Amino acid sequence: MDYSAIKARGSDLVLHDIQNFNLGNTLDCGQSFRWKMLAENRYYGIAHSRELSLSLEDENLILHDVTPYEFEKIWRGYFDLSRDYGELFTRFRGDNTLAHALDFAPGIRVLRQEPFEALCSFIISQNNNITRIKGIIARLCAAFGEHLGGEAYAFPTPQALAAATEQQLRDIGLGYRTAYITAAAQEVLSGKLDLNPLYIMPPKQAGERLCAVHGIGKKVAACVLLYGFARVDFIPEDVWVKRIMAQLYPAGFPQELAPWGGIAQQTLFHYARNCEGAVEKT
DNA sequence: AGCCAGGGTCTGC
DNA sequence: GCAGACCATGGC
């Protein structure tokens, strides 16, 4: 386990001596689009229809206004806290490139997001940039998500998105992805696309099932399986990961790390995008 | 101003 | 199977 003890402190929960968890790198590395930095090492976001603000003080991770029940029910899983990242990062460091990447961007965990949110988010992500993706998703939630109080909205349900008109979705800025979102929401709502089996379906079959959805190709399918279903052996190959593979792994990605390729990819993606000279943009 | 963005579809070879 | 046009939009 990566943390020694969970204690209540007033209405907060404190995870003492948390290791291998860099809040900023994890919440702002292109895997989730719903988190905002309030200050250094202090973030606010929404997942599973719950608001959460959390902060890192010294070696302690503090979840504000969270009950132990909610922690066990939602956040332990969401932040993948039951996985031993210490052991995993040690394993990664056996690879020279990953050792450099981890030095540059330590503590990136792969979040376990809700399947339908991941499905929609990464349809929206295609041929798009992260800043604009965040804006579109924020507007989508405000327009169609459950109101949680204040300016907080849950990610919309399949019902809500399937019922949205084309013009409403276009006004949000979805552009040509409008039809893709509508189709995906309708498929999930009708049961034509059953998400639950994707947790356990064989890899090839799971990828093919998602690729059968209009607007989903191999890259988006891998993102949905990795971020929405914790299928950490999937490596989404966008332009950055293609550069990484071509330039840093000409002989192929290490076979022994393949079972955690999706987690390794997240560190490498952040490294390639943010470390000057890590990869060439040609 | 023009290129690019965590791509996919469709058409034509 | 692969190449290229095309897709909406706005960040930078």
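As the structure is a prediction and not an experimental result, all values here were calculated from the model.

Colleague: Mind showing me how you'd approach the sheet that holds strand β1 (residues 5-9) here?
Modeller: Pairing is antiparallel across the open sheet formed by 6 strands, whose spatial order is β1-β2-β6-β5-β4-β3. Lying at the two open borders of the sheet, with one neighbouring strand each, are β1 and β3 (35-39). Strand-to-strand, the axes of this sheet are offset by a mean angle of 25 degrees, without reference to chain direction. Strand direction decides the pairing type here: β1 and strand β2 (residues 12-16), joined by 5 bridges, are antiparallel.

Colleague: How should a negative patch on the surface be read in this particular structure?
Modeller: Together, D17, E57, D58 and E59 line one region of the surface with negative charge. Relative to the helices and strands, E59 resides in the loop between β5 (50-57) and β6 (60-64).

Colleague: Even after reading the chapter, I still don't get the side chain of D95, so can you show me in this structure?
Modeller: If you trace the backbone, D95 turns up in the loop between α3 (85-92) and α4 (96-104). Buried charge D95 goes without a salt bridge, the closest partner of opposite sign being R93 at 10 Å. Within the structure, the side chain of D95 is placed 2.6 Å from the side chain of Y249, a separation counted as a polar contact.

Colleague: Honestly, the domain arrangement of chain A in this entry has me stumped. Any pointers?
Modeller: A common way to report how large an interface is uses the accessible area buried once the components associate. Looking at chain A, the domain boundaries give domain 1 (3-82), domain 2 (88-104 + 230-282) and domain 3 (115-223). Computed over C-alpha atoms, the centres of domain 1 and domain 3 are 25 Å apart. At the interface, 10 residues of domain 1 touch 14 residues of domain 3. Counting the surface domain 1 buries against domain 3, the share from its top three residues, F33, R34 and S49, is 61%. On the surface where domain 1 and domain 3 come into contact, there are 1 salt bridge. In this assembly, domain 1 and domain 3 are joined by 2 residue pairs in polar contact (both at pLDDT 80 or more).

Colleague: What exactly am I supposed to notice about the protein's contact with DNA strand C here?
Modeller: Contacts to DNA strand C come from N127, N129, T131, R132, G175, Y176 and R177. The sugar and phosphate moieties of DNA strand C supply 61% of its atoms located within 4 Å of the protein. Take N127: an N or O atom from its side chain is 2.8 Å from a base nitrogen of DNA strand C. Residues of the surface near DNA strand C, tallied by class, amount to 1 nonpolar, 4 polar and 2 charged.

Parameters and conventions
Residues numbered from 1 in each chain as written. Chains lettered and ligands numbered in written order. Predicted model: local features only at pLDDT ≥ 70, side-chain atom pairs only at ≥ 80, totals over all residues. Heavy atoms only, no water. Pairing = 2+ DSSP bridges. Helix = DSSP H or I, 4+ residues; strand = E, 2+ residues; numbered from the N terminus. Axes fitted to C-alpha atoms, helices over the stretch in contact; angles between N-to-C directions. Patch = residues over 30% accessible without salt bridge, like charges linked within 9 Å, V, L, I, M, F, W, Y side chains within 5 Å. Areas by Shrake-Rupley, 256 points an atom, 1.4 Å probe, with all protein chains shown as cover. Salt bridge = Lys/Arg side-chain N within 4 Å of Asp/Glu carboxyl O. Lys, Arg positive; Asp, Glu negative; His and termini not counted. Charge placed at Lys NZ, Arg CZ, Asp CG, Glu CD. Buried < 20%, exposed > 50% of the residue type's maximum accessible area, 1.4 Å probe, protein only. Polar contact = N/O pair within 3.5 Å; in protein donor to acceptor, adjacent residues only side chain to side chain. Domains from an automatic or database assignment. Contact = heavy atoms within 4.5 Å. Buried area = accessible area lost by both parts, 1.4 Å probe. Near = heavy atom within 4 Å. Nonpolar A, V, L, I, M, F, W, Y, C, P; charged D, E, K, R; others polar.

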